[in-house]
Amino acid sequence: RSGRKAGGKKGSSRAAEVGTMKFRDLGGVEKLLQQVRELIEYPLAHPEIYAHLGVEPPRGVLLHGPPGSGKSMLAGAMAAELAELGVTYFRVSAPEIVS
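Attention here is on the structure that accompanies the text. Sequence order as written defines residue numbering, which begins from 1 separately in each chain. Given that the model is predicted, a residue must reach a pLDDT of at least 70 before its local features are reported, and side-chain atom pairs must reach 80 or more before they are shown or counted; all residues, however, enter totals for whole chains, interfaces and linings. To obtain the side-chain values, all non-hydrogen atoms of the structure were included, while hydrogens and water were left out.

Re the packing of helix 1 (residues 30–45) against helix 3 (residues 71–83)
The axes used here are C-alpha line fits, helices contributing only the stretch in contact, and every angle between their N-to-C directions lies in the interval 0 to 180 degrees. Where helices and strands are cited, they refer to DSSP runs of H or I of at least four residues and of E of at least two residues respectively, numbered from the N terminus. The interhelical angle for the contact between helix 1 and helix 3, taken along N-to-C directions, is 40°, at an axis separation of 12 Å. Our pair here, helix 1 against helix 3, has a crossing hand that is right-handed. Between helix 1, through L32, L33, V36, I40, E41 and L44, and helix 3, the contact on the second element is made entirely by L74, M78 and L82. Of the residues belonging to the contact of helix 1 with helix 3, the class tally is eight nonpolar, no polar and one charged. Left-handed is the label given to a crossing in which the near helix is rotated counterclockwise from the far helix by less than a right angle, and right-handed is the label when the rotation is clockwise. Whether two residues are in contact is decided by their heavy atoms: any pair within 4.5 Å suffices. Gly is put with the polar residues, along with every residue not named as nonpolar or charged; the nonpolar set is Ala, Val, Leu, Ile, Met, Phe, Trp, Tyr, Cys and Pro, and the charged set is Asp, Glu, Lys and Arg.

A word on the nonpolar core
F23, L26, L33, V36, I40, L74, A75, A77, M78, A79, L82 and Y89 form the largest nonpolar core, which has 12 residues in total. Elements represented by at least two residues in this core include exactly helix 1 and helix 3. In terms of residue count, the dominant contributor to this core is helix 3 (six residues). Once residues within four sequence positions are removed from consideration, I40 is found in contact with V61, M78 and L82. Among the buried residues, those of types Ala, Val, Leu, Ile, Met, Phe, Trp, Tyr and Cys that are joined through side-chain atoms within 4.5 Å form a nonpolar core. In this scheme, a residue with accessible area under 20% of its type's maximum is buried, one over 50% is exposed, and one in between is partly exposed, where area comes from a 1.4 Å probe on protein chains only.

Here we look at helix 3
Here helix 3 contains 13 residues, and its C-alpha end-to-end distance of 18 Å stays within 8% of the 18 Å for a straight helix at 1.5 Å per residue. Residues of helix 3 that are buried in the fold lie against helix 1. Under the convention used throughout, the expected extent of a helix is 1.5 Å for every residue step, that is, one less than its residue count.

Topic: a nonpolar patch on the surface
Every patch collects residues that have over 30% relative accessible area and no salt bridge, joining them within 9 Å if they carry like charges and within 5 Å if they are nonpolar side chains (Val, Leu, Ile, Met, Phe, Trp, Tyr). Areas reported as accessible are Shrake-Rupley estimates using a 1.4 Å probe. Residue values count occlusion only from the protein chains shown. A pairing counts as a salt bridge when a side-chain nitrogen of Lys or Arg comes within 4 Å of a carboxyl oxygen of Asp or Glu. Together, F90, V92, I97 and V98 make up a nonpolar patch on the protein surface, roughly 450 Å² of accessible area in all. Mapped onto the fold, V98 is located in helix 4 (residues 94–98).

Considering the side chain of E81
Mapped onto the elements of the fold, E81 is located in helix 3. Charged residues are defined here as Lys and Arg on the positive side and Asp and Glu on the negative side; His and the ends of the chain fall outside this count. It is R37 that comes nearest to the buried, bridge-free E81 among opposite-charge side chains, at 4.7 Å. Those residues in contact with E81 that sit more than four places away from it in its chain are K22 and F23.

Comments concerning the environment of M21
Tracing the chain through its elements places M21 in the segment before helix 1. In sequence terms M21 and G76 are 55 residues apart; their C-alpha atoms lie 6.6 Å from each other. For M21, the contacting residues outside a window of four places in its chain are L26, M73, G76, A77 and A80.

So, the pattern of salt bridges
Using the criterion set out here, one finds two salt bridges in the structure. For K22, the salt bridge goes to E84, with nearest N and O atoms at 2.3 Å. In this pair, K22 sits in the segment before helix 1 while E84 sits in the loop between helix 3 and helix 4, placing the two residues 62 residues apart along the sequence. Judged by its relative accessible area of 13%, K22 is buried. Its salt-bridge partner being E41, residue R37 comes within 3.2 Å of it at the nearest N-O pair. In this pair, R37 and E41 both sit in helix 1, four residues apart, roughly one turn of the helix. Using a relative accessible area of 24% as the deciding quantity, one classes R37 as partly exposed.

Right, dumping it as structure tokens:
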């Protein structure tokens, strides 16, 4: 379920369904998870800190790497964690961007 788009139509620009995988389910990537939290989760959970500092928080993230490196799994875990904050997750593949 976690990789399917809402509505089931491949290539649609609707929000993706969020799975049940969480950060705690990912092993051996603690340093990466800390960076993800700092770049993505903290600005969404505590926007007042960024506003106070006058800093523009990141507006998105682009995961890249070779096939099988866990990008989709990390994105799914991010989506599940951030869904609790009311964040919408859009899954976009490279061919959708290029075309």
